[in-house]
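Take a look at the letters that make up each chain.
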Amino acid sequence: MIPSSRAYWEPLWSDGRRYRQLASTETALLAEHLGPGNGRPALDIGSGDGALARHLHHQLGYRTTGLDCAPSAVALATAQDIASGTNPTWRCADITTCDLDALPDPAYAAITCRLVYRWMGDKPSFLDRVRRLLVPGGCFWVVTEIAGRREEADRLKGLGITTAEAETLTAGWSVVRIADLDVLRCYALRP
C-alpha cells in the first residue's frame, strides 16, 4: 500500500486518528514567509482536519482550497467550518494522481504541505506537479520531520526525511529559507 494513497489514510482518519496541531511559532513563521493573502489563491495539500487551510483563509486572507485524499479528513474539515462568511473550499483528491485542471484555480500564490512530504512516494514527480501549480514569485511552504531528531527510545524515531530527500526538496528553487522547530523543519521555497 502506498502511504500517500486514500487506502492508507482513510482508515486512520475514519478511526479518529489526529495529528500534530499548529503551534504559534509555526503560524508566525508562516505569516513571515507567505505574507498577507489579499484574496489570492492558496492550496493546502494533505489538509487533514483543515486547521492550516482555515488559518491561511481566515487569518492570512488567502482564498484557500484544502485538498486531502481521505474522505473522512475532508468531512472533518468541512464540519469545522465557520457557520457564516466564507470558508475554504474542500476537495477530496490525491495530488499525485488528480487532474490538476480540475482544481478550483489554475495556479496558486501559496501552496502548503504540512506533515505530508515525507509520505510522497515519487518526490520528484510530486515537486514537478507543485511547480506547475505555483505562480511566479509564489511560495511553496513545507513542514516536515527531519530523520534522526527524535530520542532513540521514541517509537516514531523512524519518521522524517533523510538528507538526500531534503536535497531533492530544495533543488531547483531560486530561494530556499529554512527554520527549525524541534523535530520539524519548515521550508519556504520560491521559484
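It should be noted that the structure appears before, not after, this text.
1. Details of the side chain of Lys123
- Within the secondary structure, Lys123 is located in helix H5 (residues 123–133).
- Other than its neighbours up to four places away in sequence, Lys123 contacts Tyr117, Arg118, Glu165 and Thr168.

2. Digging into the pattern of salt bridges
- Across all of its chains, the model carries four salt bridges by this definition.
- Note that Lys123 and Glu165 form a salt bridge whose closest N and O atoms lie 3.6 Å from each other. Of this pair, Lys123 sits in helix H5 while Glu165 sits in helix H6 (residues 163–170), and the two are 42 residues apart along the sequence.
- Classification of Lys123 by relative accessible area gives buried; the value is 7%.
- Taking relative accessible area as the criterion, Glu165 reaches 24% and is therefore assigned partly exposed.

3. Describing the packing of aromatic side chains
- Using the criterion set out here, one finds three aromatic pairs in the structure.
- Ring pairing ties together the aromatic residues Tyr117, Phe126, Phe140 and Trp173, which thus form one cluster.
- Over the ring of Tyr117 we find Lys123, and its NZ or CZ is 5.4 Å from the ring centre.

4. Quick notes on the nonpolar core
- Residues Ile95, Ile111, Phe126 and Phe140 are the most contacted members of the largest nonpolar core, which totals 28 residues.
- Those elements that provide at least two residues to this core are strand S1 (41–45), strand S4 (108–114), H5, strand S5 (134–145), H6 and strand S7 (184–190).
- If one sorts the elements of this core by residue count, H5 sits on top with four residues.
- If we ignore the near neighbours within four places in the chain, the residues touching Ile95 are Ile45, Leu67, Leu100, Met120, Phe126, Arg129 and Leu133.
- Judged by nonpolar contacts, the second largest core, of 19 residues, contains Leu34, Leu52, Leu60 and Leu181.

5. Thoughts on unusual backbone geometry
- Positive phi, close to 65 degrees, is recorded for Leu115, a residue that is not glycine.
- By the element assignment, Leu115 lies in the loop between S4 and H5.
- Even without being glycine, Asp182 reaches a positive phi, approximately 40 degrees.
- Turning to its location among the elements, Asp182 is positioned in the loop between strand S6 (175–181) and S7.
- Classification of Asp182 as exposed rests on a relative accessible area of 52%.

About the criteria used
Residues numbered from 1 in each chain as written. Predicted model: local features only at pLDDT ≥ 70, side-chain atom pairs only at ≥ 80, totals over all residues. Heavy atoms only, no water. Helix = DSSP H or I, 4+ residues; strand = E, 2+ residues; numbered from the N terminus. Contact = heavy atoms within 4.5 Å. Salt bridge = Lys/Arg side-chain N within 4 Å of Asp/Glu carboxyl O. Buried < 20%, exposed > 50% of the residue type's maximum accessible area, 1.4 Å probe, protein only. Phe/Tyr/Trp six-rings, centres within 6.5 Å; stacked < 30°, edge-to-face > 60°. Lys NZ or Arg CZ within 6 Å of the ring centre and 35° of its normal. Core = buried A, V, L, I, M, F, W, Y, C linked by side-chain atoms within 4.5 Å.

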